[in-house]
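# Descriptive analysis of the structure
Next come the chains, spelled out residue by residue.
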Amino acid sequence: MKIFLDTANVADIKKWSHMGIIDGVTTNPSHLSKEGGNPVEIIKEIMKILPHGEISVEVTEKDPMAVYEQAKKIAALGNNILVKVPCASEYYDIINKLVQENVKLNITLVFTLIQSLMMCKLGVTYISPFIGRLNDIDEDGIEVLHEIKYMQTQYDFSTGILAASIRTVDQFHGTIDAGVDAVTLSAETLEKAVKHPLTEQGMEKFDADWKKLGIKKFP
Ligand code: E4P
C-alpha cells in the first residue's frame, strides 16, 4: 500500500521522506496557496526531494480545453508527475484524450461508486475518493471505499484507488482494512497514527528495569 503525504509543505515532506515511509505527495490548490510563493518552484523542490515518488499536481483551469492544455503542461514537469483533474462529467472527453496520450491522471473529488466506475473505464491511473468530505455530509466514506474496492476487484480494473481526505487515525485504519492501493494524509494525521501510548510506556518500563542492572556496555 502506498502512502502519500497530503501537503505542499517542503519541511514536512523532507522529514517523512527521510524515514522511507512516503511514496509520494498529493498537492492541491489549497495546499499550494497555503504555502505561498511560486507553486512551480515548490513542485520542483518536492520533485527533488522525492525523485522517484509520485507527485500529484492539480489543474486550476475550468474550461475543458484549457484543462487539457494545462494538464499537458503539468505532466511535462516530470515523469513522476500525476495530474489531478476533478471528476466532473464535462471533463470526461479530455480525461479520455489525456489517458490515450499516456498522461498519468489522479482523478480528484470522487464521491460515488458510479463516478469511480466511469473513471476506471477510462483507465486513469488513480481515483481519489474523498472520505472525510463524505463523512462531513453524514455519509459513510469508508463504506463507499469498500464498495469501490469491491468493484475494482470484481471487474479487474487497472486503476488504483487512492483514499483521500483522510483526517483521522480511524479513517486511515479504515483505508488499510478496505485494501486500497494508496492513501494520502497530512503529516499531523500520520504523526498521530504511528504513535501508541503503550509503546512509549513500554519503552520507559524496559529502560527503568534495564538500568537496575547497572551495566554500562551491552553487548
Ligand atoms: C488530496 O488529494 C485531497 O485534495 C485532500 O485529501 C482533501 O482533503 P480535505 O477534504 O481534508 O481538504
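Going by the structure above, here's the rest.
Since the model is a prediction, treat every value here as computed from it, not as a measurement. (Residues numbered from 1 in each chain as written. Predicted model: local features only at pLDDT ≥ 70, side-chain atom pairs only at ≥ 80, totals over all residues. Heavy atoms only, no water.)

## Some thoughts on the overall build of the protein chain
Selection rule: Helix and strand assignments follow DSSP, with helices taken as H or I runs no shorter than four residues and strands as E runs no shorter than two, numbered in order from the N terminus. Note on classification: 1.4 Å probe, protein chains only; a residue is buried when its accessible area is under 20% of the maximum for its type, exposed when over 50%, partly exposed between these limits. Note on definitions: a residue-residue contact is assigned when non-hydrogen atoms from the two residues lie within 4.5 Å. Accessible areas in this description were obtained via Shrake-Rupley with a 1.4 Å probe; residue shielding takes into account the shown protein chains only.
Assigned secondary structure in the protein chain consists of 11 helices and 8 strands. Taken along its principal axes, the extent of the C-alpha atoms in the protein chain is 70 × 40 × 30 Å. Burial analysis of the protein chain (219 residues in total) assigns 46% to the buried set. Looking at the protein chain alone, contacts between residues at least 24 apart form 58% of all its contacts between residues at least 6 apart. Summed over all atoms, the accessible surface of the protein chain reaches about 12,100 Å², with 55% contributed by carbon and sulfur.

## A closer look at the sheet that holds strand β4 (residues 81-86)
The criterion, for reference: One requirement defines pairing of two strands: DSSP has to find at least two bridges between them. The axes used here are C-alpha line fits, helices contributing only the stretch in contact, and every angle between their N-to-C directions lies in the interval 0 to 180 degrees.
Strand order in this closed barrel of 8 strands is β1-β2-β3-β4-β5-β6-β7-β8, and the pairing throughout is parallel. Between one strand axis and the next, the sheet turns through 30 degrees on average, direction left out of account. As paired strands, strand β5 (residues 105-110) and strand β6 (residues 126-129) are joined by 3 bridges and run parallel to one another. Across the sheet, the residue bridging to I107 is I127, located in β6. Packed onto the sheet, helix α5 (residues 92-100) meets β4 and β5 and runs at close to 155 degrees relative to β5.

## Let's talk about the pattern of salt bridges
Filter applied, for reference: What counts as a salt bridge is simple: a side-chain nitrogen of Lys or Arg found within 4 Å of a carboxyl oxygen of Asp or Glu.
Taken as a whole and judged by the stated rule, the model has 10 salt bridges. A salt bridge links K97 to E101; its shortest N-O distance comes to 3.6 Å. Judged by its relative accessible area of 29%, E101 falls in the partly exposed class. When the shortest N-O distance is used, the salt bridge between K211 and D207 registers 2.8 Å. Here the residue K211 and the residue D207 both occupy positions in helix α11 (residues 197-213), the gap between them amounting to 4 residues, near one helical turn. Looking at K211, the relative accessible area reads 58%, which means it is exposed.

## Observations regarding helix α6 (residues 113-122)
What counts, and what does not: What the arc measures is the spread of directions leading from the helix axis to the C-beta atoms.
Those residues of α6 that fall on the buried side of the exposure criterion are Q115, S116, M119, C120 and L122. Taken around the axis of α6, the buried residues stretch over an arc of 160 degrees, which confines them to a single face. Exposed side chains of α6 directed beyond 90 degrees from the buried face belong to I114 and K121. Those residues of α6 hidden inside the fold are in contact with α5, β5, β6 and α8 (141-154). Just beyond α6, the residue with positive phi is G123, at close to 80 degrees.

## Notes on the environment of M47
Residue placement: M47 occurs in helix α3 (residues 39-49). Once residues within four sequence positions are removed from consideration, M47 is found in contact with I55, L77, G78, N80 and I81.

## Re the nonpolar core
Under the convention used in this document: By nonpolar core we mean a set of buried residues, namely Ala, Val, Leu, Ile, Met, Phe, Trp, Tyr and Cys, connected to one another through side-chain atoms within 4.5 Å.
Counting 58 residues, the largest nonpolar core has V85, I95, L105, I107 and I127 as the members making the most contacts within it. Leave out the neighbours within four places in its chain, and I127 touches N106, I107, V110, S116, M119, C120, I148, T159, G160, I161 and L162. The next biggest cluster of nonpolar side chains, apart from the first, holds 5 residues, and it includes F4, L82, L162 and A182.

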